[in-house]
Amino acid sequence: MITKFATVYPGHVDLPDMGQGATPANERRLSNEHLATVFEKTETVARAMDDLGYHAIWLAEHHFQHEGYECLPNILMVAMHLAHVTPRIRIGCGFNITPMWHPLRLAEDFATADILTRGRVIFGVGRGYHTREVETFGAPMLDAEANRELFEEQVEIVLKAFNEESFSHQGKHYTLPPAVPYRGYELREITLVPRPIHRPVECWQPIVSASPRGLDFMVRHGIKGVIGGGAATMAEGPIHAYRAAAARAGRNLGLGEDLCLGIFFHLAETREKAIREITPFYEEHVKMFAPLGFVPGITPAQVEAAARRGGWGAAGVPTVEHYTKTGAWFAGTPEELLAYLKDLESRYPGLQHVNMSISMGTPKAVMLEQLRWFAREVMPAFKTGGQ
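These numbers were taken from a predicted model, which means no experiment stands behind them.

Let's talk about the pairing of strand E5 (residues 121-126)
(1) Moving on: For E5, the tally of buried residues reaches six of six residues, placing the bulk of the element in the interior.
(2) Moving on: Burial along E5 is two-sided: Val 121, Phe 123 and Val 125 facing one way and Ile 122, Gly 124 and Gly 126 facing the other are all buried.
(3) Moving on: As paired strands, strand E3 (residues 90-93) and E5 are joined by two bridges and run parallel to one another. Bridge pairing in E5 places Gly 92 opposite Ile 122.
(4) Moving on: Here strand E4 (residues 96-97) pairs with E5 via two bridges, running parallel. Across the sheet, the residue bridging to Asn 96 is Val 125, located in E5.
(5) Moving on: Tracing the backbone out of E4, into helix H4 (residues 103-116) and back to the parallel element E5 gives a crossover that is right-handed.
(6) Moving on: Bridging between E5 and strand E10 (residues 203-207) involves two bridges; their strand directions are parallel.

Next comes the structure, spelled out in structure tokens:
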């Protein structure tokens with residue numbers, strides 16, 4: 001039963017122009033002053049969501065994005081600030097890109113945030129997908145297997161640090177602690193000081209390929225899964241695969257249990273108006289994510305076309321209307337969205353968490369309007385409550 005609604009805000013600033021006829025993604029370069037407006041926008045959205053009764057706002061860690069799409073480099077610091085200016089809403093790390101961290105620094109920083117916010121920060125880990133980010137920090141991204149190997153060892157270290165009074169670790173990438181003399185004895189174990197107070201730590205990870213290896217790793221460590229925005233039409237496979245992985249580990253989960261499903265949405269008085277309004281925002285999403293492999297079904301030629309100004313129709317770049325027909329995106333009336341969500345609820349009875357996400361590029365005023373409309377017209381039909 002769906003009981004918790006959130007949104008994923010990756011940290012896009014308001015853009016000066018949007019859509020296929022606007023500035024191509026690789027030509028965008030915003031001023032530092034403009035990029036810094038991401039913090040005011042984040043706070044305004046979080047305050048509104050808190051007032052409206054949302055469960056959480058999920059933030060995304062990204063770096064070096066002078067284009068203005070994902071501009072929050074340290075989401076734990078932002079989470080601390082948001083906890084000071086809001087009374088209830090939880091702040092999700094969607095996600096801390098673990099290969100760009102030393103695992104013990106990540107564990108310490110989260111533990112500090114957990115204690116100072118009284119448990120309002122949700123932990124999340126990811127492998128990353130931007131070569132510009134991950135490789136710049138000295139970690140592998142082009143080599144997917146090396147990236148996964150590093151990520152899994154780091155996550156194991158973080159969870160050991162959270163859960164064990166003292167621990168040691170010997171792996172391919174880390175030996176912790178090093179065998180060094182310290183105050184008259186040889187160091188053999190270390191303790192994270194302080195550890196999180198709210199344990200076991202709730203941990204989430206994105207599900208992308210839904211490989212058995214990746215899902216078995218998640219289930220083995222008690223990590224819950226997020227099936228990202230725009231993936232609703234393809235969610236059935238990963239949802240069944242996650243439950244199968246849990247069964248292999250001896251856990252009997254309801255269909256959708258321990259998962260969160262993300263849906264891009266836009267509301268209007270009619271479906272036609274909703275599609276018109278969302279189109280420039282959707283097109284910014286395509287400009288940003290198509291070259292990274294996150295626009296399902298798009299061809300290499302269409303990716304090239306989406307990198308240019310205009311001419312998308314002639315190249316056959318999929319429209320947002322196409323994805324609304326497949327169920328990957330939603331554009332329509334509140335009544336239609338309610339029916340859409342109730343259908344999801346009936347198909348996945350274990351599903352509690354849904355991220356109602358707003359497309360890349362959507363201006364702050366439109367984000368606030370959409371979040372308020374959803375909270376007024378759709379959320380009351382579900383038994384939400386509590387943080």
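Let's talk about the pairing of strand E14 (residues 353-357)
(1) Moving on: Taken across its five residues, E14 has five buried, putting it largely inside the fold.
(2) Moving on: Residues His 353, Asn 355 and Ser 357 point to one face of E14 and Val 354 and Met 356 to the other, with burial holding for every one of them.
(3) Moving on: Here strand E1 (residues 4-9) runs beside E14; their pairing, made up of three bridges, is parallel. Opposite Phe 5, over in E14, you have Val 354 as the bridge partner.
(4) Moving on: Strand direction decides the pairing type here: strand E12 (residues 259-267) and E14, joined by five bridges, are parallel. Bridge pairing in E14 links Cys 260 to His 353.

Description of the pattern of salt bridges
(1) Moving on: Inspection of every chain in the model, using the stated rule, returns 23 salt bridges.
(2) Moving on: Arg 88 is paired through a salt bridge with Asp 50; the nearest N and O atoms lie 2.7 Å apart. Within this pair, whereas Arg 88 is found in the loop between helix H3 (75-85) and E3, its partner Asp 50 is found in helix H2 (residues 38-52), the two being separated by 38 residues in sequence.
(3) Moving on: Shared partners join several salt bridges into a network, and the residues in it are Asp 17, Arg 28, Glu 284 and Lys 287.

Side note on unusual backbone geometry
Across the chain, the bulk of peptide bonds are trans and the bulk of non-glycine residues have phi less than zero.
(1) Moving on: Here the bond from Leu 176 into Pro 177 is cis, since omega is -10 degrees, no more than 30 degrees from zero.
(2) Moving on: Looking at the secondary structure, you find Pro 177 in the loop between strand E7 (175-176) and strand E8 (181-182).
(3) Moving on: With an omega of -10 degrees, the peptide bond running from Val 193 to Pro 194 counts as cis.
(4) Moving on: Looking at the element boundaries, Pro 194 is found in the loop between strand E9 (185-186) and E10.
(5) Moving on: Positive phi values are uncommon outside glycine, yet Arg 183 reaches one of about 50 degrees.

What to know about the state of the cysteines
(1) Moving on: Throughout the structure, instances matching the rule amount to zero disulfides.
(2) Moving on: We note that Cys 93 lacks a disulfide partner, and the nearest cysteine sulfur, in Cys 203, lies 9.6 Å from it.
(3) Moving on: Take Cys 93: its relative accessible area is 1%, and that puts it in the buried class.
(4) Moving on: The thiol sulfur of Cys 260 is not disulfide-bonded, and the nearest other cysteine sulfur, from Cys 203, lies at 14 Å.
(5) Moving on: Residue Cys 260 is classed as buried on the basis of its relative accessible area of 3%.

Side note on helix H6 (residues 144-163)
(1) Moving on: For H6, built from 20 residues, the straight-helix expectation of 28 Å at 1.5 Å per residue is met to within 8% by its first-to-last C-alpha distance of 28 Å.
(2) Moving on: With a side-chain oxygen lying 3.3 Å from the backbone nitrogen of Glu 145, the N-terminal cap of H6 falls on Asp 143.

With respect to the packing of aromatic side chains
(1) Moving on: This model, assessed by the stated rule, comprises 19 aromatic pairs.
(2) Moving on: With a centroid separation of 5.2 Å and 85 degrees between ring planes, the pair formed by Tyr 282 and Trp 329 is classed as edge-to-face. Of the two residues, Tyr 282 is situated in helix H9 (residues 271-289) and Trp 329 in strand E13 (residues 329-332); the sequence distance between them amounts to 47 residues. Residues Tyr 282 and Trp 329 agree in their burial class; the two are buried.
(3) Moving on: By way of ring pairs, the aromatic residues Phe 5, Tyr 54, Phe 265, Phe 374 and Phe 382 are connected into one cluster.
(4) Moving on: The ring of Phe 382 carries the charged tip of Lys 342 above its face, separated from the ring centre by 4.2 Å.

The rules behind each value
- Residues numbered from 1 in each chain as written.
- Predicted model: local features only at pLDDT ≥ 70, side-chain atom pairs only at ≥ 80, totals over all residues.
- Heavy atoms only, no water.
- Buried < 20%, exposed > 50% of the residue type's maximum accessible area, 1.4 Å probe, protein only.
- Helix = DSSP H or I, 4+ residues; strand = E, 2+ residues; numbered from the N terminus.
- Pairing = 2+ DSSP bridges.
- Right-handed = clockwise from strand over helix to strand, strands pointing away.
- Salt bridge = Lys/Arg side-chain N within 4 Å of Asp/Glu carboxyl O.
- Disulfide = S-S within 2.5 Å.
- Expected span 1.5 Å × (residues − 1).
- Polar contact = N/O pair within 3.5 Å; in protein donor to acceptor, adjacent residues only side chain to side chain.
- Phe/Tyr/Trp six-rings, centres within 6.5 Å; stacked < 30°, edge-to-face > 60°.
- Lys NZ or Arg CZ within 6 Å of the ring centre and 35° of its normal.

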